Structure formats: C-alpha cells, structure tokens
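# Inside the fold
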Amino acid sequence: MCDLIANSSKVNLRFLKDVENYLEHDIRMDMDEFYKFDATIFEEYIKVGKKADSIATVLKFLRR
C-alpha cells in the first residue's frame, strides 16, 4: 500500500477524511482488513520512502 500511494502522482493524503475516501472508494479496501495492518511497516516506510506526509496520515488513520 505504501508503494501504491508513493507512486501515484495524484494521491495526496493530507487529512484523515482523504485517507478514508482513498481507502474505501478509490482502492476499495476492506476496512476490517486495513485495521489489521502492522503499523510498524508504515513507521519504517515514513523514514525512507516517498510521500512521507501521506503515509503518516495513513498511519494516523490506522491508529485512531
């Protein structure tokens, strides 16, 4: 998912509502499965990957 976000030029997830819309409507993520994701993967990606701000917003959404 991190690579998908980082490599999609039109994806900019600044707000939690942006993340919710992206996950549910754009990529049709099963939200029950999303909440099972390992947060440490997102934490590590933020350190080295592109679009760290968008990934950080996804992580914040995951932890809420």
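Residues numbered from 1 in each chain as written. Predicted model: local features only at pLDDT ≥ 70, side-chain atom pairs only at ≥ 80, totals over all residues. Heavy atoms only, no water.

## Quick look at the packing of aromatic side chains
- Enumeration according to the criterion identifies 5 aromatic pairs in this entry.
- When the centroid spacing of 6.2 Å and the interplanar angle of 25° are considered together, the rings of phenylalanine 37 and phenylalanine 42 count as stacked.
- Accessibility expressed as a relative area gives 31% for phenylalanine 37, which makes it partly exposed.
- Given the relative accessible area of 3%, phenylalanine 42 is considered buried. (Phe/Tyr/Trp six-rings, centres within 6.5 Å; stacked < 30°, edge-to-face > 60°. Buried < 20%, exposed > 50% of the residue type's maximum accessible area, 1.4 Å probe, protein only.)

## Some points on the environment of serine 8
- Looking at where serine 8 falls in the secondary structure, it is placed in the loop between α1 (2-6) and α2 (16-26).
- For the pair serine 8 and lysine 51, spaced 43 residues apart in sequence, the C-alpha to C-alpha distance is 9.8 Å.
- At 2.6 Å, the side chain of serine 8 and the backbone oxygen of leucine 4 are in polar contact. (Helix = DSSP H or I, 4+ residues; strand = E, 2+ residues; numbered from the N terminus. Polar contact = N/O pair within 3.5 Å; in protein donor to acceptor, adjacent residues only side chain to side chain.)

## Observations concerning unusual backbone geometry
- Of note, arginine 28 is a non-glycine position whose phi angle comes to about 55°, a positive value.
- Looking at the element boundaries, arginine 28 is found in the loop between α2 and α3 (31-34).
- A relative accessible area of 71% places arginine 28 in the exposed class.
- Despite not being glycine, lysine 51 has its phi angle at roughly 55°, a positive value.
- Within the element layout of this structure, lysine 51 appears in the loop between α4 (39-48) and α5 (52-63).
- By relative accessible area, which is 26% here, lysine 51 ends up partly exposed.

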